[in-house]
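Coordinate analysis (summary)
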Amino acid sequence: SCVPGSNTKLVKPSSTVHKVAWSQNALDGAWRFAEEASIADAAKAHGYQLLKTNANNSDVQQVQDIQNLINDHPDVLLVDPHTEDAEAAQVAAARKACIPVIVVDRDVNEQLASPGRDFATFVGGDFKKEGALAADALIEALGGPSAKATIVELDGTTGSSPAILRGGGFNGELSTKAPGIRIVAEQTADFNRATGQQVMATLIQQYPDIKGVFAHNDEMAIGAITALKAAGKHPGQDIKVVSIDGTKDAVNLVVSGEEYAVVECNPRLGPLVFDTLDKFVKGDDLPAWVVQPDRVFKKADGTAAAYLPNAF
Ligand code: AHR
């Protein structure tokens, strides 16, 4: 049995889960709307009541949201943290309050809150692999491992696990597989389309000879493509763009040839999250990470066109 206030062990859910709390970091684009709908649909299909909050990309707000959700005493708390460090203490606070937690989509810093102790498991995609797959696609687009070119990287939200891991996966793959392709500038555009456009508009003036762009998500890539066209470039011809997510808008650009490839990050996490929760309720031991698999969509092999009807 768990004693609120002093609990130091992993909290297991009771056999009768009714009320599930869901702390979302933002609702600001196709990816987040698809994730939100998937969580809500799956909660309904499993017969759970869902208490929802939206932190609007604010760590301060999300810390407050999680505290409010803890005060509501849900049977289980699901957290999609804005950044790796900021919400970790709240995950540990839920554990101390005897509320079982599953971390969803973005991970917390596991030095600050760890799976198997502070929370049951992390359910989400392999961001590092997504970054490496994006590098493979951009290397291919620029002519293969012996290519010589300069590129820029548009980062996601600073301190978020997708920005940290996609950047690491991309850079590691690029430097080992194609050392002649150099990143001449790296700047955050906060996973946001308008910011991606503004940042790219400045970078293309500073680095007019770049041949490639890696954007940590589709929204920034779409903004970047708009800026490149406004600057007189021809994305798909003189500049190759690669990004991550699988939104309808970006995959349409792959099909039309303006973007080279999109690496999937599947936001439809609801079924995997709630199947995992069911196992947890049954008393099964969970792995530290339940991985949501991802694919790559390109024009040349027909994968982009085949995926498009299912895009979000
Ligand atoms: O955490 C997943 C990332 O967050 C998605 O790539 C992005 O579009 C969203 O903002």
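Heads up: the structure comes first, above all this text.
Residues numbered from 1 in each chain as written. Predicted model: local features only at pLDDT ≥ 70, side-chain atom pairs only at ≥ 80, totals over all residues. Heavy atoms only, no water.

Glancing now at the state of the cysteines. Summed over all chains, the structure comprises one disulfide. Cys2 shares a disulfide with Cys98; S-S distance 2.0 Å. Its S-S torsion of about -90° marks the bond between Cys2 and Cys98 as left-handed, since a negative value means left-handed. Of this pair, Cys2 sits in the segment before strand E1 (19–24) while Cys98 sits in the loop between helix H3 (88–96) and strand E4 (101–104), and the two are 96 residues apart along the sequence. The class for Cys98 is buried, based on a relative accessible area of 18%. (Disulfide = S-S within 2.5 Å. Helix = DSSP H or I, 4+ residues; strand = E, 2+ residues; numbered from the N terminus. Buried < 20%, exposed > 50% of the residue type's maximum accessible area, 1.4 Å probe, protein only.)

Within this structure, the stated rule accounts for 14 salt bridges. A salt bridge links Asp118 to Arg117; the nearest nitrogen and oxygen atoms lie 3.5 Å apart. Assessed through its relative accessible area of 2%, Asp118 is described here as buried. The class for Arg117 is partly exposed, based on a relative accessible area of 39%. It is possible to trace a salt-bridge network through shared partners that takes in Arg32, Glu35, Asp80 and Asp105. (Salt bridge = Lys/Arg side-chain N within 4 Å of Asp/Glu carboxyl O.)

On to the site of the ligand. Close to the ligand lie Trp31, Arg32, Asp105, Arg106, Pro162, Arg166, Phe191, Asn217 and Asp245, which account for all nearby residues. Taking Arg32, its side chain carries an N or O atom lying 2.9 Å from an oxygen atom of the ligand. Note that an oxygen atom of the ligand is positioned 2.9 Å from one of the side-chain N or O atoms of Arg106. Contributions of two or more residues to the shell around the ligand are made by helix H1 (30–45) and helix H5 (161–177). Considered class by class, the residues forming the shell around the ligand number three nonpolar, one polar and five charged. (Near = heavy atom within 4 Å. Polar contact = N/O pair within 3.5 Å; in protein donor to acceptor, adjacent residues only side chain to side chain. Nonpolar A, V, L, I, M, F, W, Y, C, P; charged D, E, K, R; others polar.)

The next point concerns the sheet that holds strand E7 (residues 181–188). Taken together, the six strands give an open sheet; going across it, the order is E7-E6-E8-E9-E10-E12, and neighbouring strands pair in mixed fashion. On the outer flanks of this sheet lie E7 and strand E12 (296–298), each paired with one strand and no other. Pairwise comparison of adjacent strand axes, ignoring direction, gives a mean angle of 20° for this sheet. Set on the sheet, helix H4 (residues 127–141) makes contact with strand E6 (149–155), E7, strand E8 (212–215), strand E9 (240–245), strand E10 (261–264) and E12; between it and E9 the angle comes to about 160°. (Pairing = 2+ DSSP bridges. Axes fitted to C-alpha atoms, helices over the stretch in contact; angles between N-to-C directions. Contact = heavy atoms within 4.5 Å.)

Time to look at the pairing of strand E5 (residues 122–125). Sheet topology places E4 next to E5; two bridges connect them, and they run parallel. Counterpart to Val103 in the pairing with E5 is Phe122. Bridge count between E5 and strand E11 (residues 289–292): four bridges; the pairing is parallel. In the sheet register, Gly124 faces E11, and the bridge partner there is Val291.

Bringing helix H2 (residues 59–71) into the picture now. With 13 residues, H2 ought to run about 18 Å at 1.5 Å a step, and its terminal C-alpha atoms sit 18 Å apart, in line with that. Listed in full, the buried residues belonging to H2 are Gln62, Asp65, Ile66, Leu69 and Ile70. Looking down the long axis of H2, one finds its buried residues gathered within 135° of arc, a one-sided arrangement. Along its buried surface, H2 packs onto E1, strand E2 (49–54), strand E3 (76–79) and H3. One side-chain oxygen at the N-terminal end of H2 lies 3.3 Å from the backbone nitrogen of Val60; it belongs to Ser58. The first or second residue beyond H2 is His73, which carries a positive phi of 50°. (Expected span 1.5 Å × (residues − 1). Arc of directions from axis to C-beta.)

An α-helix turns once per 3.6 residues; consequently, residues spaced three or four apart project the same way. The end-to-end C-alpha distance of H4 is 21 Å, a good match for the 21 Å that 15 residues give at a rise of 1.5 Å each. Taken residue by residue, H4 has Phe127, Glu130, Gly131, Ala132, Ala134, Ala135, Ala137, Leu138, Ile139 and Ala141 as its buried positions. Gly143 occupies a position one or two residues after H4 and carries a positive phi of about 110°.

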